[in-house]
Amino acid sequence: MSTADPDGLLARTLREESGLLVARLSRRFGDFDLAEEAVQTAVVEALTSWRRDGAPDRPGAWLQVAAERNALDAVRRGSRQRALAERAPPPEEPRDGTDERLPLLFACCHPALAPEARLALTLRAVVGLTTPQIARAFLVNETALAQRIVRAKRKIVTAGISLTVPPPDQLAERLGDVLRVVYVMFNEGFVSSTGPSQDRDLAADAVWLAGVVATSLPQEAEAWGLAALLTLQHARAGARFDAQGRLVLLRDQDRTAWDPTALAAGEDLLERAATLRSPGRYQLQAAIAACHASAATWAETDWLQIVTLYDLLLAHDPSPVVRLNRAVARAQLGPEQAALALGEVDELADELASYHLFHATRGQLLTELGRSDEADAAHRTALGLTTNDAERRLLLTRLHRHPLEDGS
Amino acid sequence: MKYVLMFTARPDLLASVDPARTEEIYARVYQWFGDNAAHLADSGAELHPVTTATTVKSGDDGPVVVDGPFNEAKEVIGGFSVLDVADMDAAIAIAKTWPQLELPGIAIEIRPMVEDYSQFE
């Protein structure tokens with residue numbers, strides 16, 4: 001087995017295998033909590049053992065043996081598990097062509113679970129992250145996170161949340177919950193720096209999971225739309241930070257550092273979504289990302305097309321953040337439009353007062369309109385609101401840059 | 001699995017609803033019980049208004065009897081039903097069809113019932 005990138009290989013293996021094992025052991029023992037705990041323990045064992053001795057020849061089989069042993073140990077230990085295993089319904093095989101992880105994913109993203117628990121549980125049970133990895137990724141206290149996960153898992157078992165794909169009449173609503181979790185997973189991973197300190201790349205995991213969902217539900221346009229959006233965004237990952245780890249905005253990115261293969265794959269996914277003729281917010285966001293991907297420079301971008309796509313997006317998602325993004329695109333259409341765009345941004349002041357990107361965007365527009373004092377004030381407000389280091393550095397650079405040196 | 005559905009309402013919000021509309025929806029509540037008879041255990045009940053509630057509380061010198069509901073919340077429990085269905089999704093699907101959900105301030109709390117006492121052994 002290749003030893004070129006042991007951590008990367010380890011991460012991919014755990015991602016590929018752990019969700020499947022949780023699904024299979026849940027069916028076999030009729031107890032999701034037991035199955036998830038057994039797999040999590042096996043993942044922790046694998047991380048220790050594989051890093052020390054190198055990965056085994058068949059990592060998937062290794063993980064399966066370890067997880068099964070842990071599950072059987074737990075069954076022997078507890079009468080509760082024995083009782084559950086005895087009354088468990090016969091294992092139900094998933095519908096043809098459905099990925100075994102899909103029912104598990106629907107349970108982890110169930111609306112009866114606390115929103116903040118859904119992502120953490122999905123990362124652990126479906127994607128194979130450990131609790132310390134999740135705590136590091138979200139900068140949260142590990143004990144509190146562990147308790148949140150335990151509560152959610154207990155609720156799945158005690159409240160009878162089944163590991164099933166919802167029937168067709170409930171699928172659209174429930175799929176929306178699943179896609180939202182995958183979308184948030186990507187954003188959490190995308191905003192934070194992907195430096196060597198992190199042993200799992202959440203954004204890459206989200207791209208992978210979006211692909212699993214779309215492939216399993218091939219008639220769901222928005223599932224393909226999300227896969228397209230995340231693939232297109234992730235294709236730009238290599239250009240988002242400079243050598244010093246500073247965040248580089250789209251307008252300043254080195255477009256030759258974008259991954260052309262991934263961009264092409266994203267466009268294919270978007271086309272696949274479009275053939276289903278059921279537009280939605282993720283497809284429209286992907287279409288906007290595709291517009292950026294096909295532009296040679298920021299200036300040559302088809303801004304009129306992008307503004308039109310934002311108008312369509314507003315019909316699905318009239319949120320202030322979408323209106324803010326639309327105003328940014330509109331401001332690129334010329335000085336007159338930029339002044340009008342600033343007016344639109346100012347109208348969002350009440351709703352977005354605590355959102356750092358509102359003030360950062362406003363500062364950028366004010367800079368472009370030559371109102372540097374107001375721009376500095378806006379950037380300072382933004383700086384006080386962001387918690388992300390890379391974003392803080394970017395805002396500081398803007399504050400200290402003389403307006404005349406602004407090359408945009 | 002068995003679930004208790006606790007039907008709660010906000011009397012302050014219901015006061016502003018047209019009585020004819022309340023009446024019309026109430027008629028459909030009977031229909032709802034008929035439609036879901038196969039999933040309902042016998043032990044449910046509709047309760048008299050919260051103004052009739054009496055609470056027995058623990059106190060330093062033994063139980064104390066007081067007028068009123070057990071908490072000060074604006075929501076009051078109007079009744080409960082026991083559902084026997086396959087899983088949480090089935091319980092949610094039935095709860096969503098409760099006719100009074102068309103009115104403001106209505107909520108249904110779903111709680112799984114303890115059926116397997118071996119978990120406490």
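Fair warning: this is a prediction, and the values are worked out from it, not measured in the lab.

J.: What is the right way to look at the overall build of chain B in this model?
T.: Counting its regular elements, chain B contains 3 helices and 6 strands. Tracing chain B from N to C terminus, the helices and strands come up as β-α-α-β-β-β-β-α-β. Along the first, second and third principal axes, the C-alpha set of chain B runs to 50 × 45 × 20 Å. Residues counted as buried form 30% of the 121 residues belonging to chain B. For chain B, the share of sequence-separated contacts (at least 6 apart) that also reach a separation of at least 24 residues comes to 76%. Approximately 7,800 Å² of chain B is accessible, and the part contributed by carbon and sulfur atoms is 57%. The distance from the centre of the 8 positive side-chain charges to the centre of the 20 negative ones in chain B is 7 Å.

J.: Please clarify how the pairing of strand β1 (residues 2-9) of chain B should be interpreted in this entry.
T.: Look at any regular strand and the pattern is simple: side chains alternate between the two faces of the sheet. Residues and elements named next belong to chain B. Among the 8 residues of β1, 6 are classified as buried, and the element is accordingly described as predominantly covered. Bridging between β1 and strand β5 (residues 76-84) involves 8 bridges; their strand directions are antiparallel. Residue Y3 lies in a different strand from β5, and its bridge partner there is L83. With 6 bridges connecting them, β1 and strand β6 (residues 107-112) associate as antiparallel partners. Following the sheet pairing, M6 is matched in β6 by E109.

J.: Where do I start with the sheet that holds β6(B) in this structure?
T.: Paired through backbone hydrogen bonds, the strands of a sheet run either parallel or antiparallel to each other. Residue and element names in this part refer to chain B. The strand order across the open sheet formed by 4 strands is β2-β5-β1-β6, and the pairing between neighbours is antiparallel. The sheet is open, and its two borders are formed by β2 (45-46) and β6, each paired with just one other strand. On top of the sheet, helix α3 (residues 88-95) reaches β1, β5 and β6; it is set at about 160° to β6, its chief contact.

J.: Before we go on, may I ask you to explain the confidence of the model for chain A in this structure?
T.: For any part of a model where pLDDT is low, the fine detail of the predicted coordinates should not be relied upon. Residue and element names in this part refer to chain A. Looking at chain A, pLDDT values average 87 and 89% of them are 70 or higher. In the predicted structure, residues 193-197 sits below a pLDDT of 50 and forms 4 contacts with residues beyond four places in sequence or in another chain. The low-confidence segment residues 402-408, where pLDDT is below 50, has 4 contacts with residues more than four positions distant or belonging to other chains.

J.: Looking at this structure, how should I read the environment of R326(A)?
T.: All names here are of chain A. Structurally, the position occupied by R326 is in helix α15 (residues 320-331). On a C-alpha basis, the gap between R326 and Y310 in space is 5.6 Å, while along the polypeptide they are 16 residues apart. Setting aside chain neighbours within four positions, we find R326 in contact with V307, Y310, D311, L314 and E344.

J.: I'm lost on the side chain of T361(A) in this one. Help?
T.: Residues and elements named next belong to chain A. Inspection of the secondary structure puts T361 in helix α17 (residues 356-368). Polar side-chain contacts of T361 include one of 2.5 Å to the backbone oxygen of L357. Contacts of T361, omitting those with residues within four sequence positions, involve L324 and V328.

J.: When you look at the packing of aromatic side chains in this model, what are you seeing that I'm missing?
T.: Any pair of aromatic rings gets described here by the distance separating the centres and the angle formed by the planes. Throughout the structure, instances matching the rule amount to 9 aromatic pairs over all chains. Between the aromatic rings of W50(A) and W62(A), the centroid separation amounts to 5.3 Å while the plane-to-plane angle is 75°, which identifies the pairing as edge-to-face. Of this pair, W50(A) sits in helix α2 (residues 32-53) while W62(A) sits in helix α3 (residues 59-77), and the two are 12 residues apart along the sequence. Their ring planes at 55° and their centres at 5.4 Å tell us that Y183(A) and Y282(A) sit as a pair that is tilted. With Y183(A) in helix α9 (residues 168-191) and Y282(A) in helix α13 (residues 281-294), this residue pair connects regions lying 99 residues apart in the sequence. Overall, Y183(A) belongs to the partly exposed group, its relative accessible area being 22%. Since its relative accessible area comes to 6%, Y282(A) is described here as buried. Among the aromatic side chains, those forming a connected cluster through ring pairs are F7(B), W32(B), F33(B) and W98(B). In this structure, R236(A) is placed above the aromatic ring of W258(A), and the distance from its NZ or CZ to the ring centre is 5.9 Å. Between R281(A) and the ring centre of Y282(A), over which it is positioned, the NZ or CZ distance is 5.8 Å.

J.: Help me understand helix α8 (residues 142-158) of chain A, please; the structure alone is not making it clear to me.
T.: Quick reminder: α-helices carry 3.6 residues per turn. Residues three or four places apart thus point the same way. Residue and element names in this part refer to chain A. Between its first and last C-alpha atoms α8 spans 24 Å; for 17 residues at 1.5 Å apiece the expected length is 24 Å, and the two agree. The complete set of buried residues in α8 reads L145, I149, A152, K153 and I156. All buried residues of α8 project into a common sector of 95° when viewed along the axis, lining one side. Facing away from the buried side of α8 by over 90 degrees, the exposed positions are T143 and R151. Contact partners of the buried residues in α8: α2, α5 (101-108), α6 (115-125) and α7 (131-138). One side-chain oxygen at the N-terminal end of α8 lies 2.9 Å from the backbone nitrogen of T143; it belongs to N141. Where α8 ends, the next residue or the one after it, G160, has phi of about 70°, a positive value.

How each quantity is defined
- Residues numbered from 1 in each chain as written.
- Chains lettered and ligands numbered in written order.
- Predicted model: local features only at pLDDT ≥ 70, side-chain atom pairs only at ≥ 80, totals over all residues.
- Heavy atoms only, no water.
- Helix = DSSP H or I, 4+ residues; strand = E, 2+ residues; numbered from the N terminus.
- Buried < 20%, exposed > 50% of the residue type's maximum accessible area, 1.4 Å probe, protein only.
- Contact = heavy atoms within 4.5 Å.
- Areas by Shrake-Rupley, 256 points an atom, 1.4 Å probe, with all protein chains shown as cover.
- Lys, Arg positive; Asp, Glu negative; His and termini not counted.
- Charge placed at Lys NZ, Arg CZ, Asp CG, Glu CD.
- Pairing = 2+ DSSP bridges.
- Axes fitted to C-alpha atoms, helices over the stretch in contact; angles between N-to-C directions.
- pLDDT = per-residue confidence, 0-100.
- Polar contact = N/O pair within 3.5 Å; in protein donor to acceptor, adjacent residues only side chain to side chain.
- Phe/Tyr/Trp six-rings, centres within 6.5 Å; stacked < 30°, edge-to-face > 60°.
- Lys NZ or Arg CZ within 6 Å of the ring centre and 35° of its normal.
- Expected span 1.5 Å × (residues − 1).
- Arc of directions from axis to C-beta.

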